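# Observations on the three-dimensional arrangement
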Amino acid sequence: MTRIAVLVPCYNEEAAIPKVVADFHRILPDAVVYVYDNNSRDRTVEVAHAAGAVVRTETLQGKGNVVRRMFADVDADIYVLVDGDDTYDAASAPKMIQALVDGPLDMVNGSRVTNIQKAYRPGHRFGNWMLTHMVAWIFGNRITDMLSGYRVMSRRYVKSFPALSAGFETETELTVHALELRMPIMEVATPYKDRPEGSISKLSTFKDGFRILWTIIVLVKEERPMQFFTLFAVFLALFSLTLATPILIEYAKTGLVPRLPTAVLAMGMMIFGFLSLTCGLVLDTVTRGRREMKRMRYLNIPAIEKSAIKARPLEAE
């Protein structure tokens, strides 16, 4: 029988977590719902226990730290990762799981669909669009909602995921991991709703947005070093040529170098440009070796086998 684990990272979700746990218990009656509390200051732990979840704690603050702990601790065949704020549609889980099994796939991303402006604020919507398109341009255009917190993943995906980030940038890392290893993935549209009364968003539009942007830059450096360092090399070379051109023209006319400091600076910039290009070449070889190792680790884990998934629709309220 296929083992399904529902993973719910939580921080101060007393108002929402009981319904999240109850909904997934009804939708996936054979699944185990794990709630990982991240230093909540309210009654999240107590109400999650009362709702029937397996409750554990991660003391390192940040969603990325919680995801790392969940992926390390929980052993299952299929993992459903969902936020504990009751904004995602539990009834979409069977469809996403069936898509994963039928593929077979390694990740099914829940692409959010909503007309509720309060649920998906314009700043968050624009930031998600911009960052998703940036990742699509660099790593491959296969995901339209990169920052979705609703995903269904295979065991081989979860157990090969390095989980290096600490905060909300973990969604970016989850997406890039799948794109880099060219895993079979797809998206399923899922309704997205507003938080229940008493539940407050922990996502900061600008602070977390910049952290996600920085994560993308770091991932480009780590996973695309040739492109990253070549960009710097081209910039430095153009800067050097801009400084050197008037000096070369003057030298051709008079045989003199009247602006020696500028000439030295231009030469230094060109040397740095070639050093940057060399770094890109060396690190590209290193990255290829790392990617091969990650791929072999991924292939060491058996793919999911097709089996019956016991799930039933959420009853109308």
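The structure contained in this document is the topic of the report that follows. (Residues numbered from 1 in each chain as written. Predicted model: local features only at pLDDT ≥ 70, side-chain atom pairs only at ≥ 80, totals over all residues. Heavy atoms only, no water.)

### A look at the overall build of the protein
Across its full length, the protein carries 10 helices and 7 strands. Principal-axis analysis of the C-alpha atoms gives the protein an extent of 90 × 40 × 35 Å. A sequence separation of at least 24 residues applies to 79% of the contacts in the protein between residues at least 6 apart. When the accessible surface of the protein is summed, it comes to about 16100 Å², and 63% of that surface belongs to carbon and sulfur atoms. The protein carries 38 positive and 34 negative side-chain charges, and their two centres are separated by 5 Å. (Helix = DSSP H or I, 4+ residues; strand = E, 2+ residues; numbered from the N terminus. Contact = heavy atoms within 4.5 Å. Areas by Shrake-Rupley, 256 points an atom, 1.4 Å probe, with all protein chains shown as cover. Lys, Arg positive; Asp, Glu negative; His and termini not counted. Charge placed at Lys NZ, Arg CZ, Asp CG, Glu CD.)

### Comments concerning the pairing of strand 3 (residues 54-57)
Bridging between strand 2 (residues 32-37) and strand 3 involves 4 bridges; their strand directions are parallel. Its bridge partner lying in strand 3, V35 is registered against V55. As for the winding sense of the linkage, the β-α-β connection from strand 2 through helix 2 (residues 44-51) to strand 3 is right-handed. (Pairing = 2+ DSSP bridges. Right-handed = clockwise from strand over helix to strand, strands pointing away.)

### Considering the packing of aromatic side chains
Here the distance between the centres and the angle between the planes together describe a pair of aromatic rings. This structure, assessed with the given rule, holds 8 aromatic pairs. Here the aromatic rings of Y157 and F161 are separated by 6.0 Å at their centres, their planes lie at 15 degrees, and the arrangement is stacked. Take Y157: its relative accessible area is 0%, and that puts it in the buried class. With a relative accessible area of 8%, F161 lands in the buried category. (Phe/Tyr/Trp six-rings, centres within 6.5 Å; stacked < 30°, edge-to-face > 60°. Buried < 20%, exposed > 50% of the residue type's maximum accessible area, 1.4 Å probe, protein only.)

### So, helix 9 (residues 225-254)
Its 30 residues give helix 9 an end-to-end C-alpha distance of 43 Å, which sits within 8% of 44 Å, the value for a rise of 1.5 Å per residue. Taken as a whole, helix 9 carries its principal kink of about 35 degrees at A244; the proline P246 stands between one and four residues after it. For helix 9, the full list of buried residues reads P225, F228, F229, A233, L236, A237, S240, L243, A244 and I247. One or two steps after helix 9, the chain reaches G255, where phi turns positive at roughly 80 degrees. (Expected span 1.5 Å × (residues − 1). Bend = angle between axes of the 7 residues up to and from the residue.)

### Re the side chain of D85
Within the secondary structure, D85 is located in the loop between strand 4 (78-81) and helix 4 (93-102). Side chain to side chain, D85 and T87 meet in a polar contact 2.7 Å long. (Polar contact = N/O pair within 3.5 Å; in protein donor to acceptor, adjacent residues only side chain to side chain.)

### Considering the pattern of salt bridges
Following the criterion strictly, the structure yields 19 salt bridges and no others. Close ionic contact of R3 with D75 constitutes a salt bridge, the shortest N to O distance being 3.3 Å. Residue R3 is located in the segment before strand 1 (4-10), and its partner D75 is located in the loop between helix 3 (63-73) and strand 4; the two are separated by 72 residues in the primary sequence. R3 sits in the partly exposed class, given a relative accessible area of 38%. Owing to a relative accessible area of 41%, D75 belongs among the partly exposed residues under this scheme. Across the pair E180 and R224 runs a salt bridge whose closest N-O atoms are separated by 2.4 Å. Of this pair, E180 sits in helix 7 (residues 170-180) while R224 sits in the loop between helix 8 (205-223) and helix 9; the two residues are 44 residues apart in sequence, bridging distant segments of the chain. (Salt bridge = Lys/Arg side-chain N within 4 Å of Asp/Glu carboxyl O.)

### Remarks on the sheet that holds strand 6 (residues 151-154)
The mixed open sheet is built from 7 strands, whose spatial order is 3-2-1-4-6-5-7. Strands with a single pairing partner mark the edges of an open sheet, and in this sheet they are strand 3 and strand 7 (185-191). Across the sheet, the mean angle from the axis of one strand to that of its neighbour is 20 degrees, orientation sign disregarded. Two strands pair when backbone bridges link them, and strand 5 (residues 107-113) and strand 6 are joined in this way by 3 bridges, in the antiparallel orientation. Bridge assignment links V108 to a residue of strand 6, and that residue is V152. This element, helix 1 (residues 17-27), spans strand 1, strand 2 and strand 4 of the sheet and lies at about 160 degrees to strand 2. The strands that helix 3 touches are strand 1, strand 2, strand 3, strand 4 and strand 6; relative to strand 1, the one it contacts most, it runs at about 155 degrees. (Axes fitted to C-alpha atoms, helices over the stretch in contact; angles between N-to-C directions.)

### Comments concerning the packing of helix 1 against helix 2
Taken N-terminus to C-terminus, the directions of helix 1 and helix 2 make an angle of 25 degrees; their axes are 8 Å apart at the nearest point. Taken together, the axes of helix 1 and helix 2 lie roughly parallel to each other. Helix 1 and helix 2 meet at a crossing whose hand is right-handed. Residues I17, P18, V21 and H25 of helix 1 lie in contact with helix 2, whose contacting residues are T44, V47, A48 and A51. By residue class, the composition of the contact of helix 1 with helix 2 is 6 nonpolar, 2 polar and no charged. (Parallel < 35°, antiparallel > 145°, perpendicular 65-115°, else oblique. Left-handed = near helix turned anticlockwise from the far one by under 90°. Nonpolar A, V, L, I, M, F, W, Y, C, P; charged D, E, K, R; others polar.)

### Digging into a nonpolar patch on the surface
There is a patch of nonpolar side chains on the surface, built from Y251, V257, L260, V264, M267, I271, F272 and L275 and spanning about 790 Å² of accessible area. When residues in the nonpolar patch are grouped by element, the largest group, 6 residues, is from helix 10 (residues 260-299). Residue position: M267 is located in helix 10. (Patch = residues over 30% accessible without salt bridge, like charges linked within 9 Å, V, L, I, M, F, W, Y side chains within 5 Å.)

### As for the packing of helix 9 against helix 10
Axis separation between helix 9 and helix 10 bottoms out at 8 Å; the angle between their running directions is 165 degrees. As the angle between them shows, helix 9 and helix 10 are arranged roughly antiparallel. Helix 9 and helix 10 meet at a crossing whose hand is left-handed. For the contact of helix 9 with helix 10, the class distribution of residues is 23 nonpolar, 7 polar and 1 charged.

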